[in-house]
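So you can see what is in the structure, the chains are spelled out below.
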Amino acid sequence: MIVTETELTENILPPGEGRHRRRWIGVVVVAALLAAGTGAYFAVHHDAGQTFPKTWDPRVADVAAFVAKERGLTFEHPVEVDFLSADAFEKLVRRDQSSLTADDKAQIEDSASFLRALGLIGTDVDLFAAVNDLNGDGTLAFYDDETKTVKVRGTTMTPALRSTLAHELTHTLQDQHFDLGRIDKLQGSASDALRGLAEGDANRVQHAYEASLDDADQQAIAAADSSDVQSFDESRFPAVLAASFSAPYSLGEPLAAMIVAVKGQKGLDAAFQHPPTSDLALFDPLRYLDGDKPLKVPALVAGKGEEKVDDGEFGAFSLYLVLAQRLDQKRALSVAAGWGGDDYLQYRADGHTCVRATFDGRDAPSIAALQSGLADWARSMPAGTATVHDVDGGASLQSCDLGAPVTVPKDLTVDKLLGLPTARVQIAQEVLQQGGDVRAARCFSDGVVNLLSVDQITASELDAATTDRIQAVAKSCRVS
């Protein structure tokens with residue numbers, strides 16, 4: 001995974017606060033990849049003496065009924081929905097920096113140093129403040145994993161809040177059937193994959209709920225989203241953090257939808273019971289549906305004079321984020337699409353934090369692209385920071401946070417980072433939902449991504465000539 005997240009739950013969030021968020025502003029969604037830690041906002045602690053309401057709060061009963069019917073599962077019991085004032089809610093989603101211990105601060109700095117070593121955030125970024133602000137600005141409701149209640153910002157049941165509750169209650173339903181607390185027990189990017197599956201499934205149900213509303217309610221939801229967009233200043237946050245937060249939503253929904261299209265609702269339930277083993281399922285759901293699994297890469301170990309900080313699997317999406325910071329996004333996508341497996345080690349040596357990683361490609365062309373792409377990435381980093389060497393099957397990377405100024409492109413936005421991989425999986429989703437097979441979905445999604453520029457892919461409209469070219473790709477892929 002791109003961000004060392006295991007420590008940040010207790011360091012950045014108020015103690016014991018696991019939470020889920022409604023989709024964030026526009027394409028940016030606060031999934032709390034950094035802030036929530038490994039699955040904390042889904043963890044469930046079944047206390048023997050805990051009691052639950054016998055019936056749903058009348059304000060949410062119809063939403064709960066819709067969620068159960070749409071998801072094809074039955075709630076084991078209702079849960080309390082706690083409607084809070086804005087001030088009371090803010091106290092839950094933010095943490096006062098004065099409450100941090102010395103260990104908290106050290107662990108947060110380890111995470112920041114990890115990101116700097118990979119050129120993902122600049123030396124001017126306050127990671128704690130950025131994540132804290134993302135939590136505060138992006139949260140409308142969350143499922144509390146300790147009290148088993150849904151916490152809501154506000155006391156008025158607007159259409160937008162009802163839509164949010166459809167998402168949160170889907171998580172409650174998932175939790176009761178599939179024990180989403182497993183997320184914090186999964187290794188490597190598998191935790192990100194299950195989180196994305198859960199978020200994508202909840203988004204899917206939420207959007208179905210919105211579609212069931214009348215025109216007036218749908219317009220009210222659209223107006224609320226538009227107001228959020230206008231009031232939010234994206235430039236306050238590093239694009240890579242927002243992209244990491246957003247990925248479980250923007251990539252998770254196509255994953256869940258494709259599973260349903262190919263394997264039905266029972267197939268989706270099976271995916272929760274036996275979740276994907278890496279974030280490759282989010283980055284390239286078609287490979288997941290084809291049964292493609294990551295290669296086993298030998299674990300890296302700390303050498304003499306090196307103190308291990310963290311280790312694990314980097315993941316295909318994380319590789320894309322690293323490359324897309326400094327390479328053309330289409331090239332970054334192409335390189336990451338050939339990801340076969342990896343292993344990374346974060347360590348301290350000589351007073352600096354470093355990251356060492358080995359990446360394998362899935363075939364010979366992928367290996368060559370991986371080696372070339374990582375080499376060019378290393379050359380774009382501050383002098384003396386990063387080195388890349390070709391190895392059998394892939395490439396070996398080492399990069400350190402040496403204290404030198406780290407900058408990221410000023411024009412880098414969440415749209416630029418996520419637009420391409422999101423469009424790719426959404427195109428494939430459409431093909432499958434229209435009755436195409438995995439082969440046709442692969443052909444058409446890759447064909448369109450190769451045909452268009454990043455700006456064209458993220459544009460709201462295309463000219464007639466470009467549309468004709470897309471139709472030609474569809475014809476060659478036998479997509480109607």
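Here goes a summary of the coordinates provided.

On to the overall build of the chain, then. The helix and strand tally for the chain stands at 19 helices and eight strands. A total of about 19200 Å² of accessible surface is found on the chain, and carbon and sulfur atoms cover 51% of it.

This brings us to the state of the cysteines. Under the criterion given, the structure shown has two disulfides. Paired by a disulfide, C354 and C400 hold their sulfur atoms 2.0 Å apart. Measuring handedness by torsion sign, the sulfur bridge of C354 and C400 sits at about 105° and is right-handed. Taken together, the residues span a long stretch of sequence, with C354 in strand β6 (residues 352-361) and C400 in strand β8 (residues 394-401) at a distance of 46 residues.

Moving on: the packing of aromatic side chains. Within this structure, the stated rule accounts for nine aromatic pairs. Seen in terms of ring centroids, F314 and F359 are 5.4 Å apart; in terms of plane orientation they differ by 90°. Their pairing is edge-to-face. Here the residue F314 occupies a position in the loop between β4 (307-312) and α13 (316-324), and F359 occupies one in strand β6, the gap between them amounting to 45 residues. Taken together through their ring pairs, the aromatic side chains of F114, F314, Y344 and F359 make up a single cluster. Of note, R424 hangs over the ring of F283, and the distance from its end group to the ring centre comes to 5.8 Å.

Along its 14 residues, helix α17 (residues 438-451) runs 20 Å from first to last C-alpha, staying within 8% of the 20 Å computed at 1.5 Å per residue. Along α17, the residues that are buried comprise V438, A440, A441, F444, S445, G447, V448 and V449. Where α17 is buried, its residues touch α12 (285-289), α14 (329-337), α16 (414-433), α18 (454-457) and α19 (464-476). Regarding α17, its N-cap is D437, as a side-chain oxygen of that residue lies 3.3 Å from the backbone nitrogen of R439 further along.

This part covers the sheet that holds strand β1 (residues 80-84). What the three strands build is an open sheet, ordered β1-β3-β2; its pairing is mixed. Among the strands making up the open sheet, the edge pair consists of β1 and β2 (141-144). On average, adjacent strands in this sheet sit at an angle of 20° to one another, irrespective of strand direction. Pairing of β2 with strand β3 (residues 149-153), which is carried by four bridges, proceeds in the antiparallel orientation. Among the inter-strand pairings, A141 is bridged to a residue of β3, identified as V152. Taken strand by strand, helix α3 (residues 86-93) contacts β1, β2 and β3, and its axis lies near 120° from that of β3.

What counts and how
- Residues numbered from 1 in each chain as written.
- Predicted model: local features only at pLDDT ≥ 70, side-chain atom pairs only at ≥ 80, totals over all residues.
- Heavy atoms only, no water.
- Helix = DSSP H or I, 4+ residues; strand = E, 2+ residues; numbered from the N terminus.
- Areas by Shrake-Rupley, 256 points an atom, 1.4 Å probe, with all protein chains shown as cover.
- Disulfide = S-S within 2.5 Å.
- Phe/Tyr/Trp six-rings, centres within 6.5 Å; stacked < 30°, edge-to-face > 60°.
- Lys NZ or Arg CZ within 6 Å of the ring centre and 35° of its normal.
- Expected span 1.5 Å × (residues − 1).
- Buried < 20%, exposed > 50% of the residue type's maximum accessible area, 1.4 Å probe, protein only.
- Contact = heavy atoms within 4.5 Å.
- Polar contact = N/O pair within 3.5 Å; in protein donor to acceptor, adjacent residues only side chain to side chain.
- Pairing = 2+ DSSP bridges.
- Axes fitted to C-alpha atoms, helices over the stretch in contact; angles between N-to-C directions.

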